[in-house]
Amino acid sequence: MSSSSSSSAYTSSCWITRAETAADIPAVRAVTVAAFPTAHEAEILDALRADEGWIDGLSVVATDIAGTVVGHVVLTRAYIGDVPALAMGPVSVHPDHQRTGAGSAAVRAGLDAAREQGERFVVLLGHPTYYPRFGFRRASAHGVELTIDAPDEAWMALSLDDRHPLPTGPVRWAAGFGI
């Protein structure tokens, strides 16, 4: 288990991050539903849980000190060309805990867990001003191709190990994404 502290203009909190357990699944789904305007991301998460791209230990929750799940990140198997990679998402934080560091704690813990499992690359579609703080950069600048229509600035990639530059090519996602 790891702890991460973060301060914001609104609150100062300590978040506990850990791998999701089976008992967390209903709370993670509830956080995901609450975090987005529709249930689409929760449905993607449900599909990913049943997908062969699901990787044990790469679904990470952020909890408060009472153990309540307030944030979540998942990384699933993807490929850049033929090279194994991970796709990050959905990333969810309950609206009551957004801008408190819970999401950052979950993302950092998820990336750390991926590194510990020997993973090298991560791609995501996400907010272009949020994810660069974790090292993500515009994927197209590295020749990592997106096969759906999405804003180029939201399409990002990260090498988890500086000794291994990002591979090039189109990304294949876990089937649960429906891409």
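Further up the page is the structure itself.
Criteria and cut-off values
Residues numbered from 1 in each chain as written. Predicted model: local features only at pLDDT ≥ 70, side-chain atom pairs only at ≥ 80, totals over all residues. Heavy atoms only, no water. Phe/Tyr/Trp six-rings, centres within 6.5 Å; stacked < 30°, edge-to-face > 60°. Axes fitted to C-alpha atoms, helices over the stretch in contact; angles between N-to-C directions. Helix = DSSP H or I, 4+ residues; strand = E, 2+ residues; numbered from the N terminus. Contact = heavy atoms within 4.5 Å. Nonpolar A, V, L, I, M, F, W, Y, C, P; charged D, E, K, R; others polar. Salt bridge = Lys/Arg side-chain N within 4 Å of Asp/Glu carboxyl O. Buried < 20%, exposed > 50% of the residue type's maximum accessible area, 1.4 Å probe, protein only.

**Structural notes on the packing of aromatic side chains**
Logical step 1: Considering all chains together, one arrives at 6 aromatic pairs under this definition.
Logical step 2: Judged by centre distance (4.8 Å) and plane angle (90°), the rings of Tyr130 and Tyr131 are edge-to-face.
Logical step 3: A ring pair is formed by Tyr131 and Phe134, whose centres lie 6.2 Å apart and whose planes are at 50°; its orientation type is tilted.
Logical step 4: Among the aromatic side chains, those forming a connected cluster through ring pairs are Tyr130, Tyr131, Phe134 and Phe136.

**Digging into the packing of helix 1 (residues 25-35) against helix 2 (residues 40-49)**
Logical step 1: Two elements in contact, helix 1 and helix 2, have axes whose closest approach is 8 Å; the angle formed by their N-to-C orientations is 150°. Side by side, helix 1 and helix 2 meet where Ile25, Val28, Arg29, Thr32 and Val33 of the first sit next to Glu41, Ala42, Glu43, Leu45, Asp46 and Arg49 of the second.
Logical step 2: Taken together, the residues of the contact of helix 1 with helix 2 break down into 5 nonpolar, 1 polar and 5 charged.

**Describing the pattern of salt bridges**
Logical step 1: Within this structure, the stated rule accounts for 8 salt bridges.
Logical step 2: For Glu20, the salt bridge is made with Arg49, and the minimal N-O distance between the two is 2.6 Å. Here Glu20 is found in the loop between strand 2 (12-19) and helix 1, whereas its partner Arg49 is found in helix 2, with 29 residues between them in sequence.
Logical step 3: Classification of Glu20 as buried rests on a relative accessible area of 17%.
Logical step 4: A salt bridge links Asp152 to Arg138, with the nearest nitrogen and oxygen atoms 3.1 Å apart. Of this pair, Asp152 sits in the loop between strand 8 (144-145) and strand 9 (155-159) while Arg138 is found in strand 7 (residues 137-138), placing the two residues 14 residues apart along the sequence.
Logical step 5: On the basis of relative accessibility, which here comes to 30%, the residue Asp152 falls in the partly exposed class.
Logical step 6: What makes Arg138 partly exposed here is its relative accessible area of 40%.

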